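Summary of structural features
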Amino acid sequence: MSGTTRRTHRCGELRAEHVGQLVKLGGWVHRRRDLGGIVFIDLRDRAGIVQVAVGPDAPEEVRRSASGLTGESVVEVFGKVVARPADMKNPELATGDIEVHATKLVKVGSAVTPEIPVARAKSEELPAEELRLKYRHLDLRRPEMQANLILRHRLLQRARKTLSDLEFLEIETPILTKPTPEGARDYLVPSRVHPGECYALPQSPQIYKQLLMVSGFDRYFQLARCFRDEDLRYDRQPEFTQIDLEASFVGAEDVQGFVEAVLTALWDEAGHAVERPFRRITWQESMERYGTDKPDLRYEGLAIVDWTAQVESLGVPFFAAHKDGARVRGLAVKGGGALSRKDVDQLAETAKQFGGAGLAWVKRQGDQLSGSVAKHFSLEALGRLGVGDGDAALMTVGPDRVTSPVLDKVRQELIRRLAPPPARPHAFCWVVDFPLFESEPGTGRPVFAHHPFTAPHPEDVAKLDREPLACRALHYDAVYNGHELGSGSIRITEPALQRTVFRHLGLSPQETEARFGFLLTALAAGAPPHGGFAVGFDRVAMLLAGAGSLRDVIAFPKTTAARALFEGAPAPARPEDLAALHIQVTA
RNA sequence: GGGGCUGUAGCUCAGCUGGUUAGAGUGCCGGUCUGUCACACCGGAGGUCGCGGGUUCGAGCCCCGUCAGCCCCGCCA
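Notes on the structure in this doc start here. (Residues numbered from 1 in each chain as written. Chains lettered and ligands numbered in written order. Predicted model: local features only at pLDDT ≥ 70, side-chain atom pairs only at ≥ 80, totals over all residues. Heavy atoms only, no water.)

**Examining helix α15 (residues 537–545)**
Put simply, the rule reads: The rule is simple: take the accessible area with a 1.4 Å probe, protein chains only, and divide by the maximum for that residue type; under 20% is buried, over 50% is exposed, in between is partly exposed. Secondary structure elements follow DSSP: runs of H or I no shorter than four residues count as helices, runs of E no shorter than two count as strands, and numbering proceeds from the N terminus. Residue contacts are defined here by distance: any two heavy atoms, one from each residue, within 4.5 Å place the two residues in contact.
All of the buried residues along α15 are Phe537, Asp538, Val540, Ala541, Met542 and Leu544. Structurally, α15 contributes buried residues whose contacts are with α4 (143–165), β10 (239–248), α6 (252–269), β21 (483–490) and β22 (530–536). Backbone geometry just downstream of α15 places glycine 546 in the positive-phi region, at approximately 65°.

**Observations concerning the protein's contact with RNA strand B**
Cut-off, in case you're wondering: By convention in these notes, a residue is near a molecule or strand provided one of its non-hydrogen atoms lies within 4 Å of it. Here a polar contact is recorded for every N or O atom pair within 3.5 Å, except that within protein the pair must consist of a potential hydrogen donor and a potential acceptor, and residues adjacent in sequence are included only if both atoms are side-chain atoms.
Around RNA strand B, the surrounding shell holds 48 residues, and the nearest of these are Asp34, Glu99, Ala128, His450 and Thr560. When the atoms of RNA strand B within 4 Å of the protein are sorted by group, sugar and phosphate make up 54%. Backbone polar atom of glycine 36 to a base nitrogen of RNA strand B: 3.4 Å apart, as the coordinates give it. Between glutamate 99 and RNA strand B, the recorded distance is 2.6 Å, taken from a side-chain N or O atom to a base nitrogen. Listing elements by their share of the surface near RNA strand B, those giving two or more residues are β1 (22–34) and α2 (129–134).

**Some thoughts on the side chain of glutamine 237**
Looking at where glutamine 237 falls in the secondary structure, it is placed in the loop between β9 (219–227) and β10. Residue glutamine 237 is classed as buried on the basis of its relative accessible area, which comes to 8%. Residues contacting glutamine 237, with those up to four places away along its chain left out, are Leu232, Leu550, Arg551, Ile554, Pro557 and Lys558.

**Things to note about the packing of helix α13 (residues 495–504) against helix α14 (residues 509–523)**
Worth spelling out the cut-off: Between N-to-C directions, angles cover 0 to 180 degrees, with each direction set by a line fitted to C-alpha atoms, over the stretch in contact for helices. Throughout, the term roughly parallel applies to angles under 35 degrees, roughly antiparallel to angles over 145, roughly perpendicular to angles from 65 to 115, and oblique to all others. Handedness of a crossing is defined here by the sense of rotation of the near helix relative to the far one, left-handed for an anticlockwise turn of less than a right angle and right-handed for a clockwise turn. We call Asp, Glu, Lys and Arg charged. Ala, Val, Leu, Ile, Met, Phe, Trp, Tyr, Cys and Pro are nonpolar, and the rest, Gly among them, are polar.
Here α13 crosses α14 at 160°, and the two axes come no closer than 10 Å. Taken together, the axes of α13 and α14 lie roughly antiparallel to each other. With respect to the hand of their crossing, α13 and α14 are arranged in right-handed fashion. Where α13 abuts α14, its residues Pro495, Gln498, Arg499 and Phe502 lie against Thr512, Glu513, Phe516, Leu520 and Leu523. When the residues that make up the contact of α13 with α14 are grouped by side-chain class, the tally is five nonpolar, two polar and two charged.

**Overview of the sheet that holds strand β14 (residues 360–365)**
The strands that make up a sheet pair up through hydrogen bonds in the backbone, lying either parallel or antiparallel. Going by this rule: Paired strands, in this sense, are two strands between which DSSP finds at least two bridges.
Spatial strand order, β12-β13-β16-β14-β15: five strands in an open sheet with antiparallel pairing. Only two strands of the sheet have a single neighbouring strand rather than two, namely β12 (304–306) and β15 (368–370). Geometrically, the sheet is characterised by an average inter-axis angle of 25° between neighbouring strands, direction not taken into account. Pairing of β12 with strand β13 (residues 327–333), which is carried by three bridges, proceeds in the antiparallel orientation. Across the sheet, residue aspartate 306 finds its bridge partner in β13, namely arginine 329. Of the strands in this sheet, β12 and β13 are in contact with helix α7 (residues 283–290), which crosses β12 at around 90°. Relative to β13, helix α12 (residues 400–418) is tilted by about 10°, and along the sheet it contacts β12, β13 and β16 (392–398).

**A short note on the sheet that holds strand β2 (residues 39–45)**
Strand order in the closed barrel made by the five strands is β1-β2-β3-β5-β4, with mixed pairing throughout. Taken over all neighbouring pairs, the strand axes of this sheet differ in orientation by 55° on average, direction set aside. The pairing of β1 with strand β4 (residues 74–83) spans seven bridges and is antiparallel. Counterpart to glycine 26 in the pairing with β4 is glutamate 76. Docked against the sheet, helix α1 (residues 60–67) engages β1, β2, β3 (48–54) and β5 (98–109), running at close to 75° with respect to β5.

Rendered as structure tokens:
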């Protein structure tokens, strides 16, 4: 399969079974070891590395060109696959049982000295990320990056096949779309033919896929490129790929079933067995027990507990200083006795960083109690918190909106420091029953927590006007080991309800018509019940590749300042191009 | 928009309390070498200490500004 008119195999494919065969290879010089009378060349391609030997028996011109080769030049080699004697095998190389004795060797692409190394010493750090991005063609030659992108390819194919087998149709949607003032900032593309008007790149194909449901396509998917002009993180790029899907005549469980099928297939592709169905946890329970809407359920046992009642009579001043809706919540840390004073101080620092009041703590070793509030506790009082010998209790106080994120961060930090064995390596869950609204920081005004097409929970529709913050949404997130993999919802199909939601968003009927008229028109034309989901594919690839950032699973990513260092984007526009687009630059 | 870390040879890094000529490994160039696999050994070249300003008798080191990369907060319906 890998053979062409210029080669018979890939370098990294050769094994003992090929011994005796005459092969033709093409690859890059990974390393060269010139011993004088014999030269070894590690020849590399996407399949791996094979050792080419040019010994005293090789033709004179082969020996000459072999000794003049420099790193990263491209050579074509003709030779014989030979078994290596037992004491010369290299167990660290997949091809290490054999080597190729070259009878012909031609440099077909000479290479300047690479700006960053492709072949690194074992202990050598990676070049600075700036250089890796600038010389991306070299960075991508490294076997680790090749493996990442090869895995990414396999994951994409597997997703495509899984959904196609489930009768989903792959349908492409526009890249030049309509600006949406809500949500993330749009990337705008000015129109030449319509002065002052712009297209926007899609933040997601959301409305299109709903239109496809109205059109009767039933089940849609797309490996969709999406664009959001927001600030970046290690796990956020301005352009990214979603496994986007939508289905008709479904409830939330149906959509979740489809998504589980895709995710388990992807994990299987990466060699991991995953159990279905995924566990379900309500948003409320997740916030209560883990302080976050993306709980890491590998460590279920370490959960946040409400100790307000248990500590009330102890007279701890730290707790008493907080009133009015404040609860005392904390973590009973099995084996927390192992935490040093410094550990706890740093945890308390973390708590303060995230706006908490700080951290009160008690540690028990034998009958000895120690810690910032130890003098207020007896063994019995501590026992009521579930804290035994060798354990520790970490506590904080305040309103949930403060203590939840604080305890979430403290919990994550504890897991990092104590590294307890996970109950399961792959902890998937569905977080369900999200609130439809959240209160806007500052004003406390209810604002939509999701996109405005998310259906309210049928039981809560009556509360829409009276108690918006108590309304649940038919919205669900897929969470894996504390990472959000994606989210989805059942959509509104009733035009009147959709108009009500837009009104809650503060849109006038005129604005609603102008921005979403085409969706409302479609919904009025006979819309099937439908819902869908979008998997953040880059993040999945990052997790399955064990990569440290999205940049390591994207061939040509942007920097945190949204620059492309390789090709140099963005770049100043030429005045004549701006003129054609009717644009004046003021900055 | 705000905060933090980093920036010294092609690359990875060291550089003491501010002190004379800025170092190591690797890569590169030249040489020796017939079983290496990070080959070994000998020799050599290679520096705008990110950039600009300031303090000082003297700055890689201190101060101010700025640029770039990364991480975090805000932001990401």
